[in-house]
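Listed below, chain by chain, are the residues.
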Amino acid sequence: MNVIWRNCICRLRRGKVPHRCQSGVHPVAPLGSRILTDPAKVFEHNMWDHMQWSEEEEDAVRKQVEENSATRVAPEEQVKFERDANRYWDTFYQTHKNKFFKNRNWLLREFPEILPVDKNSKEEVEGSSRDQVRSNFSSMQRTETHCQKSCVSSAPWSEERSNFPNQDLEEHSEGPGKTEHFPGSKATFRILEVGCGAGNCVFPILNTLRQCCWCGVVLTCAPVGEEPRQSADLAERLLKVIGYKTAAWDADAVRIPSQRNIPGSFLYCCDFAAEAVELVKSHASYSEAHCCAFLHDVCDDGLAYPFPDGTLDVILLVFVLSSIHPDRMQAVVDRLSKLLKPGGMLLFRDLGRYDNAQLRFKKGRCLSENFYVRGDGTRAYFFTKGEIHRMFCEAGLHEKQNLVDHRLQVNRKKQVTMHRVWVQGKFQKPLPWTQKSRS
């Protein structure tokens, strides 16, 4: 089967998979379906979902944490780790480059809110008839040659980098008599990832946006080794396989109904490690026309962002807050909440209390309660669900999801099991009328 055909089906099928609901309960699919019912089969998979400790196990890990927390790092040493936090992370990325963390391809399954859904376009597409599509196939074939020549050069997601400051700085009106220029002002949907590192979240998002933008265009380009006249048949086969009954004709392409019809989206990403920002900018998939990577310390309230407050639709805070001193966390969340539009979402995932990483710390690595320093000088805090609730709600956000994700990670080669614990939450900035009704 042709590569284009396989990729197109995989993308569209992936779009139809149900996502996790916005609640504190995990559904069975698409993630969380591996439930260990027979302990004898523990080494059949690399990961088991929804694992709960027995009372004996929980008592044991609590005692283990008390023991490794008994000896604290000297106060003068703690000052050094706080003062030079960015330097330690900079050294980390100089050493490991982009080889340490894997791309977080699970991101869009856990957080479908990262991508906008254009409901109007979807209804319009689903309202068109198959007869209308067939009547346009003759016109489609006449334009096929033109599409084959121009789809790469004219695509909005061209790999060729553009001169961002000259192309995407548009006037942005924030109110009567006030206009601003800023990167991404032309976009209709804006995302910020805080603590982007080497881009392990950035590039899965950008690649998904690219796929969604062109999920239908491939149908007008003849598959390798086939004549262009067979594109009509390819469209019919694809419609049948993915289960859609209709498609809509739009200029040079057959637009297949998709659950994610992406409008003009723009992704911001920041890190306080200069080496991390350079790794993102030097990546082959980085495009200044659709992404702005910048150096920024979220703990410094005096630093300005490259966009105004109240302009973001989504903020992604994934395994970042845990590296910040607990005394500074609330101020960081308060500041980030101001960047959101009313109705915007802050998506959170981080280390949970009694995660295996916490249990592995040796004596003398504890900075304060549940806060540790690694051998390379980077730090980690381990959260509870209650702490996350208080922190984000105090920042004026409404809780949409707040759950503890317990998993059993398995090393089948070494026959070792490890309990992993993460906290995941979704918090929304209230709409103005919602705030008035609550007050």
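Residues numbered from 1 in each chain as written. Predicted model: local features only at pLDDT ≥ 70, side-chain atom pairs only at ≥ 80, totals over all residues. Heavy atoms only, no water.

1. Observations regarding the nonpolar core
Residues L192, L321 and F392 are the most contacted members of the largest nonpolar core, which totals 42 residues. Sorting elements by how many residues they give to this core places helix α13 (residues 326–339) first, with five residues. L108, L206, L267 and C269 belong to the second largest nonpolar core, which has 26 residues in total. (Core = buried A, V, L, I, M, F, W, Y, C linked by side-chain atoms within 4.5 Å. Buried < 20%, exposed > 50% of the residue type's maximum accessible area, 1.4 Å probe, protein only. Helix = DSSP H or I, 4+ residues; strand = E, 2+ residues; numbered from the N terminus.)

2. What about unusual backbone geometry?
Non-glycine residue H50 carries a positive phi angle of around 55 degrees. Locating H50 in the fold gives a position in the loop between β1 (47–49) and α2 (55–68). By relative accessible area, H50 is classed as partly exposed at 28%. Positive phi, normally seen in glycine, also occurs at N370, with a value near 65 degrees. Summarising the element assignment, N370 is placed in the loop between β11 (366–368) and β12 (371–373).

3. Thoughts on α2
Helix length check: α2 (14 residues) gives 20 Å between terminal C-alpha atoms against 20 Å at 1.5 Å per residue, within 8%. Turning to α2, its buried residues are V61, V65 and N68. Mapping the buried residues of α2 onto a view down its axis gives an arc of 70 degrees, with all of them on the same face. Exposed positions of α2 whose direction lies more than 90 degrees from the buried face are E55, E56, K63 and E66. Looking at the buried positions of α2, the neighbouring elements they touch are α14 (356–359), β11 and β12. (Expected span 1.5 Å × (residues − 1). Arc of directions from axis to C-beta. Contact = heavy atoms within 4.5 Å.)

4. Details of the sheet that holds strand β13 (residues 379–381)
Read from one edge of the open sheet, three strands run β11-β12-β13, paired in antiparallel fashion. Two strands bound the open sheet, and with one partner strand each, they are β11 and β13. On average, each strand axis in the sheet is inclined to that of its neighbour by 30 degrees, with strand direction left out of account. Alignment of β12 against β13, held across three bridges, turns out to be antiparallel. (Pairing = 2+ DSSP bridges. Axes fitted to C-alpha atoms, helices over the stretch in contact; angles between N-to-C directions.)

5. A few points about the state of the cysteines
Tallied over the entire structure, the rule returns zero disulfides. As a non-bridged cysteine, C291 has C269 as the owner of its nearest cysteine sulfur, 3.9 Å distant. (Disulfide = S-S within 2.5 Å.)

6. Some thoughts on the sheet that holds strand β15 (residues 416–428)
Spatially, eight strands are ordered β1-β14-β15-β10-β9-β4-β7-β8 in an open sheet, and the strand pairing comes out mixed. The sheet is open, and its two borders are formed by β1 and β8 (291–295), each paired with just one other strand. Here the strands of the sheet are splayed against their neighbours by 20 degrees on average, with no regard to which way each runs. Packed on one face of the sheet, helix α15 (residues 385–394) meets β9 (312–318), β10 (340–351), β14 (398–411) and β15 and runs near 150 degrees to β14.

7. Things to note about the packing of helix α3 (residues 75–83) against helix α4 (residues 85–96)
Two elements in contact, α3 and α4, have axes separated by 4 Å at closest approach and are oriented at 65 degrees. Residues K80, F81, E82 and R83 of α3 touch α4, and the partners they reach there are A85, N86 and Y88. Across the contact of α3 with α4, the residue classes break down as three nonpolar, one polar and three charged. (Nonpolar A, V, L, I, M, F, W, Y, C, P; charged D, E, K, R; others polar.)

8. What about the pattern of salt bridges?
Side chains that differ in sign of charge can pair as their charged atoms come close. In total, this model carries 15 salt bridges according to the counting rule given. Residue K80 pairs with E77 through a salt bridge whose shortest N-O separation is 3.0 Å. With K80 and E77 both in helix α3 and three residues apart, the pair spans about one turn of that helix. Judged by its relative accessible area of 26%, K80 is partly exposed. Look at E77 and you get partly exposed, because its relative accessible area is 33%. R353 is the partner of E387 in a salt bridge, and the nearest nitrogen-oxygen pair spans 3.1 Å. Of the two residues, E387 sits in helix α15 while R353 sits in the loop between β10 and α14, which places them 34 residues apart along the sequence. (Salt bridge = Lys/Arg side-chain N within 4 Å of Asp/Glu carboxyl O.)

9. Regarding the packing of α4 against helix α12 (residues 274–281)
Between α4 and α12, whose axes approach to 7 Å, the crossing angle comes to 40 degrees. With respect to their mutual orientation, α4 and α12 come out oblique. Mapping the contact onto sequence places D90, Y93 and Q94 in α4 and A274, E275, A276 and L279 in α12. Each residue belonging to the contact of α4 with α12 can be placed in one class, and the counts come to four nonpolar, one polar and two charged. (Parallel < 35°, antiparallel > 145°, perpendicular 65-115°, else oblique.)

10. Considerations on the confidence of the model for the protein
This prediction gives the protein a mean pLDDT of 75; 65% of its residues lie at or above 70. Of all secondary-structure elements in the protein, the lowest mean pLDDT belongs to helix α9 (residues 164–167), at 34, while α15 reaches the highest, 98. Ignoring residues within four places in sequence, the model shows residues 214–232, a span with pLDDT below 50, making 52 contacts including any to other chains. Low pLDDT, under 50, characterises residues 238–261; the stretch is placed with 86 contacts to residues that sit more than four places away or in other chains. (pLDDT = per-residue confidence, 0-100.)

11. Describing the environment of T311
Looking at the secondary structure, you find T311 in the loop between β8 and β9. Residues T311 and T188, 123 residues apart in the sequence, show an inter-C-alpha distance of 9.6 Å. From its side chain, T311 meets the backbone oxygen of P308 in a polar contact 2.8 Å long. (Polar contact = N/O pair within 3.5 Å; in protein donor to acceptor, adjacent residues only side chain to side chain.)

12. Quick word on the pairing of strand β7 (residues 265–271)
Burial analysis of β7 places seven of its seven residues in the buried class, the great majority of the element. Of the two faces of β7, both are covered, the one formed by S265, L267, C269 and D271 as well as the one formed by F266, Y268 and C270. Handedness of the crossover joining β7 and β8 through α12 is recorded here as right-handed. (Right-handed = clockwise from strand over helix to strand, strands pointing away.)

13. Quick word on the environment of L316
Inspection of the secondary structure puts L316 in strand β9. Look at L316 and you get buried, because its relative accessible area is 0%. Along the backbone, L316 and L347 are 31 residues apart, and their C-alpha atoms lie at a distance of 5.0 Å. Ignoring sequence-local partners within four residues, the contact set of L316 consists of L107, F111, I114, L192, E193, V194, C201, I205 and L347.

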